[in-house]
Structures are given as C-alpha cells and as structure tokens.
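# Examining the three-dimensional arrangement
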Amino acid sequence: MKSIVKKVLVSALAATLLVSGVACRGGGDDRDPNTLTIAFAKSGYGEEWLTNALEAFKAEVKPDLQWELEGDPNITVKILPRLESGTELPDLFFSLETNWQMWAYQDYLEPMDDLYSWTVEDGQGKTYEDKVEDDLLNYGKVNGHYYATSWNSGASGLVYNASMFEEHGWEVPTTVDELYALCEQIRNDPVNKDDDRRNDIAPFAWGGQVGSYWQFFIEALWAQWEGIDGVREFFEFASPDVYKQEGRLKALEVFEELMSEPGNSVSGAMSKNHIQSQMDFVNGNGAMIPNGAWIETEMMDSLPDGFEMRMMPTPFIDEDHEVRMNWTSSGDFIVIPKDIPEANKQLAKEFLLFLAREDQLQAYTKTTGTPRGFEYDLDAIKNDMSPFGQSVIEIYQNSTNIFAYSNNPLYYANLANRWPASGSPYGLIADGESAQSVWQMEIDKAESEWDTWLSQIQ
C-alpha cells in the first residue's frame, strides 16, 4: 500500500494545514466530556433504538450524560470530508456500508483495540471481542488493529406480501424454477375466485434507482453455487481469475430470466427509488420485493391495516446447490474520529461496550427488527417480534450467513470489488444487456486493470 499510503498522508497533512485557522485538530476542542455526539445514518432502522439506548446508558452507567444526535440519510458520503477537514466531528459515526478502511490508513480513525479487550457487563465474563460473531472479527481490523465495529447484520433477499399470498393461495417457492412458475401464476391469476378478470399485480416491486437491492437475492444464488468457501476465495482477490466464478454467471442468468418478462415488474420500475418501490409493495402493486430486514421499520407508518409481510428463504438455484445462504447487511459500521478529545473517545467506547450487553442487543433487535453481528440469545425475543421479524431471525439462524468484505488493500482502495466494470449489473441487465455479456465485461475489466491496480497499492 506504499503509494496509496504516501498519497493519503500527504492529503491528510494538506487538510491539516488548510484548516489550521478554522478548527483545532488533535483533540484540542473544548467539547463537554459528558456530552456524547453521534452522527448516524437515518435509514430504515430509525432512531428510537438509539434514544432508548442512550436513556438506559444514562440511567445505569453515566448519570451526568447528555447527548446530541445528527440523523442524516446521507451521512455516509459526508464522513470523509469531515474527517479530512477535522471539522464537525462527532464522537461516533454510525454509517452504512462503504470502504471505510482507507480512513484508517489515512490516520483519521481512533483505534478500538482497548474496547475489544474490555469485559462486557452481563456478558458472562466475555470481552467485546468474544461477543462479536467470529466471521466479523476481522471486519474491523486494518494492519492488525481494530478501527471499526459492525453496526448491523441480519437477513435480506426477497420479501413477500404474506397477506396477498394467503388470499390467492400462492405457495412460497423453494427453487428458482418454482419462482419462475410463481411469477407466471401471479401475472395470470384472476382478481379473485369470483372474477375472471386478470389482476393487475406484478410479481416484483423494485426501483431502478436502487437496483443494487437485487444483490440480496441474486448474490445469495451466487453463494449457493460456489459455496461459502468460494465466496471467501472471491473476497481474497488473489487474482483476476476470481471473476470467472461460474456461480456469478448462473446467478445473473436468473435475474436475466426474471427481467425477460416485462410483466414481472411494476410499471415504471426503472425510474423509482427505494421509497417509491416500497410503496408499490405495501400498496399491493407488487407481490414481492428485493429488500432487507429494515423494510418493516422503515415503512411502519405506511402499512395498510391487515398487511403482513415475510422474508422468504432464498430459493435454491437448482437441486445440486440446495444450501441456505443469506446475504447480510454487516457492512454497516461504527467508527470514532481520531481528532476529538480523549475524554470523548473514552465516552464513545464506553457507550459501544454498553451496546454489546445482552439486554441492549436484544432491545436493538426488538426495536429495529434486525440482529446485530454479536453472539446473543435471539430465541429469547423471537416471540416478541412481528411475524416479519420472526422470519428474519429464522433465516439468520438457519442459513450460512455471508459477510461480504475483504481484507485485501485492493478492496480498501475500491479497486477490486464485486462488480468493478458495471458498479452494479442489475440496471444493465434489466435494460436488455445479457447476463453473459455483463459477466464477461467484469472478467475483462479485472484482467485488463489488475496490474495497474496492484501498482497503485505497492
């Protein structure tokens, strides 16, 4: 990573000089050591869980605690400029998935090694490190040190309108072939048993502006084909040959087949964002939607009376690959800026330790509907969850969970990733490009750029 490290250190120095007259870096500001400031991605998880946790932290641990919250749906893209300038730094950033590891190389993040070594109260003698799921332990590490911790995990894939399925007698598919048949049935079913008119329900509600939501389902099919060891091999990015994995093509071919029938998508799907597509779903315009565990919380105020949804276990791609796979959202993360006062760093870490308590982990899941990437008793709260929340937990517990990240510097630098040529293949295929051509495009991109990529991290 020499050349990248050199570049980012020069950038960091320039940023320091640039703001020397504007903000005091190195933790010299005069913020209140008893006030915790948190900037968080205000998304489908809401903020009730956060205010509840802060109130509990104040009542049980820090009686003098005050807090300031900044909820912003776009905080993820705003973090780096704030780290670079050293201004408007909260004590904690809760962010959605991005390549945060470069910020550690740029020396913008506070190490968390001490947090990971601390014992969690009511954690049966376990440290923070002990509580983190094994497959996520390396996620927060850069050069052998912890700089981040996972915020969310959970289940994703296809969510279906359970009320509609029951009304029409549609069966939840267990294989991709059954899914194709279900789509045909949905397109051709009458309005109801006493009416011969064809219904106007599309099999899928989705939005072209968030076409990457299809990854939750399609890339789980890829994982079924390759197996978890194949997925892990891919994310090692040892050579451009990883892009030749057959499972990637087979999974994209499923998407191509689904998109080949225009009636499978709600009208105008390609122009819609996530809220518009989710409104199509809850309003009954689409029977299924590619989405994640957050959808129920995000749409709670818009759900019609009697509406029930469930997360569907990902159908098997074929009879030779009947492996339950779940694409988690474990890339969402938490970091502490380095350039804040030491007392506030300590307060931030104490709050993160508190969030790792059994009762707080369970409270988070009950409030948001999604698990976190820690070892805790989900069975104890399952019956307190909605039917949708129960389906999320059951998939999470009964699947091989895919934690999609890499410890390769090529990934940190956003050079090698899942789809370096297209960014996301789903819009291209939905617009008529073949799965074969997109798959080959990704291979060609990796092979042609690999040596250049390597030169940029050496």
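Look a little higher up for the structure.
So, here's what we can say about the structure.

## Looking at the overall build of the chain
Each helix and strand in the chain was counted, giving 19 helices and 15 strands. Compactness check: the chain gives a C-alpha radius of gyration of 23 Å against a globular reference of 23 Å for 458 residues, within 12% of the reference. In terms of its C-alpha atoms, the chain occupies a principal-axis envelope of roughly 75 × 55 × 40 Å. For the chain, the proportion of its 458 residues judged to be buried stands at 56%. A separation threshold of at least 6 residues defines the contact pool for the chain, and within that pool the share at least 24 residues apart is 75%. Just so you have it, the chain exposes about 19,000 Å², and 45% of that area is on carbon and sulfur atoms.

## Describing the pairing of strand S3 (residues 92-95)
Residues Leu92 and Phe94 line one face of S3 and the alternating positions Phe93 and Ser95 line the opposite face, and both faces are buried. When strand S1 (residues 35-40) meets S3, the two strands line up parallel, connected through three bridges. Bridged to Phe40 within S3 is Phe94.

## With respect to the pattern of salt bridges
Should the charged atoms of two oppositely charged side chains come close, the side chains can pair. Tallied over the full model, the rule gives 22 salt bridges. One salt bridge connects Lys42 with Glu47, and the closest N-O pair in it is separated by 3.2 Å. Here Lys42 falls in the partly exposed class, since its relative accessible area comes to 40%. Residue classification places Glu47 among the partly exposed residues on the basis of a relative accessible area of 27%. Between Asp229 and Arg232 there is a salt bridge, and its shortest N-O distance comes to 3.9 Å. Of this pair, Asp229 and Arg232 both sit in helix H9 (residues 215-236), three residues apart, which is roughly one turn of that helix. Overall, Asp229 belongs to the exposed group, its relative accessible area being 57%. Bridged by salt links that share partners, the residues Glu110, Asp114, Glu342, Lys345 and Lys349 form one connected network.

## Observations concerning the nonpolar core
In terms of nonpolar packing, the biggest core is built from 148 residues, with Leu92, Phe94, Trp100, Trp214, Ile218, Met288 and Phe351 touching the most fellow members. Sorting elements by how many residues they give to this core places H9 first, with twelve residues. The residues touching Phe351, leaving out its near neighbours within four places in the chain, are Leu36, Ile38, Leu50, Ala53, Leu54, Phe57 and Leu92.

## Some words on the packing of helix H8 (residues 176-188) against helix H10 (residues 246-259)
Remark: H8 packs on H10, axes separated minimally by 11 Å, with the N-to-C direction vectors making an angle of 10°. Taken as axis vectors, H8 and H10 run roughly parallel relative to one another. Across the interface between the two elements, Val176, Leu179, Tyr180 and Cys183 of H8 pack against Glu253, Val254, Glu257 and Leu258 of H10.

## Points about unusual backbone geometry
At Phe237, a position not held by glycine, the phi torsion is positive, near 50°. Inspection of the secondary structure puts Phe237 in the loop between H9 and H10. Here the phi dihedral of Asn414 falls at roughly 60°; this positive angle occurs in a residue that is not glycine. Checked against the element boundaries, Asn414 lands in the loop between helix H17 (409-412) and helix H18 (426-430).

## Details of the packing of helix H2 (residues 48-60) against helix H13 (residues 342-355)
With their axes 11 Å apart at the nearest point, H2 and H13 run at an angle of 105° to one another. Relative to H13, the element H2 is oriented roughly perpendicular. Between H2 and H13, the residues in contact are Leu50, Ala53, Leu54, Ala56, Phe57 and Glu60 and Leu347, Glu350, Phe351, Phe354 and Leu355, respectively. In terms of residue class, the contact of H2 with H13 is built from nine nonpolar, no polar and two charged.

## Remarks on H8
Taking 1.5 Å per residue as the helical rise, H8 with its 13 residues ought to reach 18 Å, and the 19 Å between its terminal C-alpha atoms agrees with that figure. Those residues of H8 that sit buried are Val176, Leu179, Leu182, Cys183, Ile186 and Arg187. Looking down the long axis of H8, one finds its buried residues gathered within 135° of arc, a one-sided arrangement.

The rules we used
- Residues numbered from 1 in each chain as written.
- Predicted model: local features only at pLDDT ≥ 70, side-chain atom pairs only at ≥ 80, totals over all residues.
- Heavy atoms only, no water.
- Helix = DSSP H or I, 4+ residues; strand = E, 2+ residues; numbered from the N terminus.
- Rg over C-alpha atoms; globule rule 2.2 N^0.38 Å.
- Buried < 20%, exposed > 50% of the residue type's maximum accessible area, 1.4 Å probe, protein only.
- Contact = heavy atoms within 4.5 Å.
- Areas by Shrake-Rupley, 256 points an atom, 1.4 Å probe, with all protein chains shown as cover.
- Pairing = 2+ DSSP bridges.
- Salt bridge = Lys/Arg side-chain N within 4 Å of Asp/Glu carboxyl O.
- Core = buried A, V, L, I, M, F, W, Y, C linked by side-chain atoms within 4.5 Å.
- Axes fitted to C-alpha atoms, helices over the stretch in contact; angles between N-to-C directions.
- Parallel < 35°, antiparallel > 145°, perpendicular 65-115°, else oblique.
- Nonpolar A, V, L, I, M, F, W, Y, C, P; charged D, E, K, R; others polar.
- Expected span 1.5 Å × (residues − 1).
- Arc of directions from axis to C-beta.

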